[in-house]
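Understanding the architecture of this molecule
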Amino acid sequence: MKNFLWSLMVCIACSAVTVSAQVTFPVNGIPDQRKLYQAFINAKIWVDYQTVIDSASLLIYDGKVIAVGKDIRLPDGAVIHDLKGKHIYPSFIDPDTQYGIAPPVPGEKVKGQQHGSATKGAYAWNQALKPEVDAYRLFISNESQAASLRKGGFGTVLTFNHDGIARGSATLVSLADGKEQELILKNKAASCFSFRKGVSQQDYPSSEMGAIALLRQSFLDAEWYRKGGSEKEFNISLESWNYLRELPMYFESENRFQSLRIDKIGKEFGVKFIVRGSGDEYQRIDEIKASGNSFVIPLKFPAAYDISDPYDAVNISLEELKHWEMAPANPMLLQRAGVTFAFTSSGLKEPAEFLEQLRKVVLYGLPPAAALKACTYAPAVMLGVSGETGGLKKNMLANFIVTSGDLFSKDCILFENWIQGKQYIVNKGNAVNLRGTYNLSIQNMTPLTLQIAGEIHELKARVGTGTDTTSATISFNNHQLYIKFEMRREPLKGTYSLTGFQSDSTGNVYSGNGMDPQGRPVTWTATKISATAFTLPADTTKIEKPEWGTLLFPNKAYGFIKLPEAETVLFKNVTVWTNEAEGIIKNTDVLISNGKIIRIGSNLNESGATVIDGTGKHLTAGIIDEHSHIGVSGNVNECSHAVTSEVRIGDVLNSDDINIYRQLSGGVTTSQLLHGSCNPIGGQSALIKLRWGVAPDKIKFEGADGFIKFALGENVKQTNFGDDFKTRYPQTRMGVEQVYINAFQQAREYETLWNTSLKGGKGTTLPRRDLRLEALVEIMNKKRFITCHSYQQGEINMLMKVADSMGFRVNTFTHILEGYKVADKMKAHGAGASSFSDWWGYKYEVIEAIPHNGAIMHDVGLTVAFNSDDPEMARRLNQEAAKAVKYGGLSEEEAFKFVTLNPAKLLHIDNRVGSIKVGKDADVVLWSDNPLSVYAKTLMTFVDGARYFDVQRDEAMRNEVQQERSRIISKMIKERGKSKSSDLKKPVFREEEIKHCLDDEG
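Read on for an overview of the structure. (Residues numbered from 1 in each chain as written. Predicted model: local features only at pLDDT ≥ 70, side-chain atom pairs only at ≥ 80, totals over all residues. Heavy atoms only, no water.)

A count of helices and strands for the protein chain gives 24 helices and 41 strands. In terms of overall dimensions, the protein chain has C-alpha extents of about 115 × 70 × 55 Å along its principal axes. Here the protein chain, with 1002 residues, has 56% of them falling under the buried criterion. Here the analysis covers contacts within the protein chain between residues at least 6 apart in sequence; of these, 67% occur between residues at least 24 apart. (Helix = DSSP H or I, 4+ residues; strand = E, 2+ residues; numbered from the N terminus. Buried < 20%, exposed > 50% of the residue type's maximum accessible area, 1.4 Å probe, protein only. Contact = heavy atoms within 4.5 Å.)

If you want it as structure tokens, here you go:
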């Protein structure tokens, strides 16, 4: 009865699998449709990453697992594989490949500008949006690529078209050989995105912030289309976008900042992304964890630098050195933080390197079970296929690898990779256990003893008689045994070379042909008489556990081990530049605590406060730079369109920019980060506090009004851009005026349309949201304010007239080098001025600039500031302010307001910063001298009461930087000895990127 039930169960299982495996292709000839049970016995089997069974059996049939465990009843006729001493693991899943899909091919280079999409048909307006592309339609199996991936232990991969911002759907495929119809396991397995537009030559987007804006607008467009927009137009791309919303969403990131930006997009639109990481997640581990996203982590680590020439070491930054040292610990740190992640071989020269890199991350502290999980179960869960693959349970795919032992041992060899029940040999022949003692008979010679020991993949041998033995060279490949040895004594003295094969069914006898010392051919036979041989000396090589230095915030020169916190500090007997009615007060005390200015007066005391002697020193409010481009990733311009009000500098903040620290050393505490000046209406600004070391969103000035960059002059009409930039409207100053009028007319109509629709009641289809126009509506409703790049009086007058006619106001004219000509008109309009102190003559449109400009505008009654537009100048804005004394005769106090209180007023933050007043933020700077003096040095800079710069600490940090560099370079020199010269990276000098208004990195 038991046999009957077993047979019935097997028949049912086989019937179900057979039906699912039927194919539609006719076969020419007589097909071989035999299916055999395969039983793998006596193995250590990893059912999944946390369940392991010793001396177990695995039974498979027709590409599926039938049973796994101990005491499994094997059906008659099953092919038995005795894997005693070997391990079985689930085959790996790689969730980031382009397997079987041809790389995207760029079209013919477009000369000039391409404003619209070159894609023909009812598709998205932007050709970087390709949600309609289905990877399964492009997939063509590639045996060479598959074999390479199988060597890395992979059995299943996610593959997709690596092109565009919206890349379409990915498909999950098997790495077995066969027809594509049999290999595609899940035709639409994920929806894929990136910030790179790929081969598209369409101008928009030309920046990362433009790519983010395009993604945000596309999510909104898809929602509008789903809710009724499809009645107004048919759009293949939006149809596909909405369909793909139901799939796992996979987003490629190039660095830790992009990973956080991806999370912000996800939170805005209610999406959890699978983020393809970059390997530097550990540097922002708290924020990565808080995102709640899962990650796919590459195991490509930075190569060591070739520093054989000591002068080359100068070109390697501490940031690069520390990342080289710490990158392999990234998975361990992610695991400790509780972040879900999988691994990918993407980026490696060959997938076969994956196992070596996997063992490296285990050496760096990642638990082996977590490493196995990241290769199997984790990617299966991410892609919604954990019931089909990623483990070895009943009815799952028969995808597994056979190894010589512990997968994470450096000596482990991957012998076989079984995919859908089909065997693929990875390392031929080494699966045979030759170890033991043999009687070796060589033609016309006295019988010898052959002893074989060592690891299966690294055999050691000795040949001789009794105790008189000699070492032999031995190898076994493609079932061929090769032995070479040299006898030292007569009459056998000389070198023997023997080659042969297994010559009986037991595997205990090998025989073949060879050559004796005189070059004569001989025959030989080796018969195993014992399973034991000589004992090798113990391996005394010590595997050193990797160590690395302390993680810094940011993880580079002048980073903090622990971020500064607000202190309680009492400045005693200091000269205070209040910027208030009290003016400059000498020999005064100032108390700051909990991030605020608490008291100002004489003979103050505070229990527990840090007391700083201010005798001979000066205390001022922190300097505020109204016009800066520091701390921005990628382009500061989105030059593609004349109006790009949808892009936001706040989307691409780089809080690790070293210029933040440098400017703290010059007393700067707040900066407005502006879009560039290559279009009439640029992007939205970001107002930041210079909190060095924190995450990007934490440098933002909380609760501040929104600003936006406008521009006038040569840049916006692309006068000096060359012949390839002659088609974007506007091309004249008259056209610039029309851009403004048209943009705000559209915005007014857009607002009216929305107001009417919202009053329409239930069932009314709402208009399409337009992020570009929404920003302009905010301007008209006094919720967003304009900073306008400007030089010449005619254009300044023009924009004020347009603003008056359209019902908005220009908040600030920045640069404004001819402001002295129209100061009265600016005052009547209500505009302020943020100028250069004494720039002139650097291009024709500033030919009439004068250094007295700031003072003249101030005397007319305008709020005037001096800005930098340059990271180097920003470090010396105190000296720029002093030029108003030299050229305009202003008082020292009024001049210093040009870089403190006045920019605070222009930015609408003077209620919090810009002066020393009780209740304001403790953004203060302690100077060694009068802050307008060229001899003045910044001694301390506090932001929100936290000491982000201290000149004494800076000196200590310089020494720490040198010590850390020396330590890592010494370590790298040792590592160099273990690396091939081809694996080393040549240090390259990189000039520091300095960003200004017209910078566009393309």
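As a further point, take the pattern of salt bridges. By the definition in use, this model includes 62 salt bridges. The salt bridge involving Asp 48 is made with Lys 393; its shortest N-O contact spans 3.4 Å. Of this pair, Asp 48 sits in the loop between strand 1 (38-46) and strand 2 (52-61) while Lys 393 sits in the loop between helix 13 (377-382) and strand 14 (400-403), and the two are 345 residues apart along the sequence. For Lys 267, the salt bridge identified is with Asp 263, shortest N-O distance 2.8 Å. Here Lys 267 and its partner Asp 263 are both found in helix 7 (residues 256-269), four residues apart, which amounts to about one turn of the helix. Given a relative accessible area of 51%, Lys 267 falls into the exposed group. Residues participating in the shared-partner salt-bridge network are Lys 596, Lys 689, Arg 691, Glu 702, Arg 912, Asp 921, Asp 923 and Asp 944. (Salt bridge = Lys/Arg side-chain N within 4 Å of Asp/Glu carboxyl O.)

This paragraph deals with the pairing of strand 17 (residues 436-442). Across a regular strand the side chains alternate sides, sitting on one face of the sheet and then on the other. Burial analysis of strand 17 places five of its seven residues in the buried class, which makes it a mostly covered element. As judged from the five bridges shared by strand 17 and strand 18 (residues 448-455), these two strands associate in the antiparallel manner. If you follow Thr 437 over to strand 18, its bridge partner there is Gln 451. The hairpin formed by strand 17 and strand 18 contains five residues between the paired strands, and Asn 444 there has a positive phi angle of roughly 65 degrees. Judged from the six bridges that link them, strand 17 and strand 24 (residues 521-530) form a sheet pairing that is antiparallel. Its bridge partner being in strand 24, Thr 437 is matched across the sheet by Ser 530. (Pairing = 2+ DSSP bridges.)

Next up on the list: the sheet that holds strand 35 (residues 784-790). Taken together, six strands build an open sheet; the order of strands is 32-34-35-36-37-38 and the sheet is mixed. Strands with a single pairing partner mark the edges of an open sheet, and in this sheet they are strand 32 (681-684) and strand 38 (864-866). Ignoring which end each strand starts from, the neighbouring axes of this sheet average 25 degrees apart. Relative to strand 38, strand 37 (residues 832-835) is paired through three bridges, and the arrangement is parallel. Note on strand 38: the bridge partner recorded for Ala 833 is Val 864. Running at roughly 100 degrees to strand 35, helix 16 (residues 771-780) makes contact with strand 32, strand 34 (706-711) and strand 35 of the sheet. Contacts from helix 19 (residues 853-860) reach strand 36 (812-815), strand 37 and strand 38, with the element oriented near 160 degrees to strand 38. (Axes fitted to C-alpha atoms, helices over the stretch in contact; angles between N-to-C directions.)

The strands making up a sheet are joined through hydrogen bonds of the backbone, oriented either antiparallel or parallel. One closed barrel holds the eight strands; their spatial order is 17-18-19-20-21-22-23-24, and the pairing between them is antiparallel. Across the sheet, the mean angle separating the axes of adjacent strands is 30 degrees when strand polarity is ignored. Where strand 22 (residues 494-502) and strand 23 (residues 509-515) come together, six bridges link them in antiparallel fashion. Note on strand 23: the bridge partner recorded for Gln 502 is Tyr 510.

Turning next to the nonpolar core. If you look at the biggest cluster of nonpolar residues, it comprises 177 residues, and the most contacted ones within it are Phe 92, Phe 273, Phe 343, Leu 358, Phe 710, Phe 813 and Met 826. Ranked by residues supplied to this core, first place goes to helix 5 (residues 208-226) with 11 residues. (Core = buried A, V, L, I, M, F, W, Y, C linked by side-chain atoms within 4.5 Å.)

Turning our eyes to something else, we now look at the packing of helix 17 (residues 793-806) against helix 18 (residues 819-829). Between helix 17 and helix 18, the least distance of the axes is 10 Å, while the angle of their chain directions is 15 degrees. In terms of orientation, helix 17 and helix 18 fall into the roughly parallel class. Helix-helix and strand crossings are classified by hand; for helix 17 and helix 18 the assignment is left-handed. Along the contact surface, helix 17 presents Gln 793, Ile 796, Asn 797, Met 800, Ala 803 and Asp 804, while helix 18 presents Lys 821, Val 822, Lys 825, Met 826 and His 829. Taken together, the residues of the contact of helix 17 with helix 18 break down into five nonpolar, three polar and three charged. (Parallel < 35°, antiparallel > 145°, perpendicular 65-115°, else oblique. Left-handed = near helix turned anticlockwise from the far one by under 90°. Nonpolar A, V, L, I, M, F, W, Y, C, P; charged D, E, K, R; others polar.)

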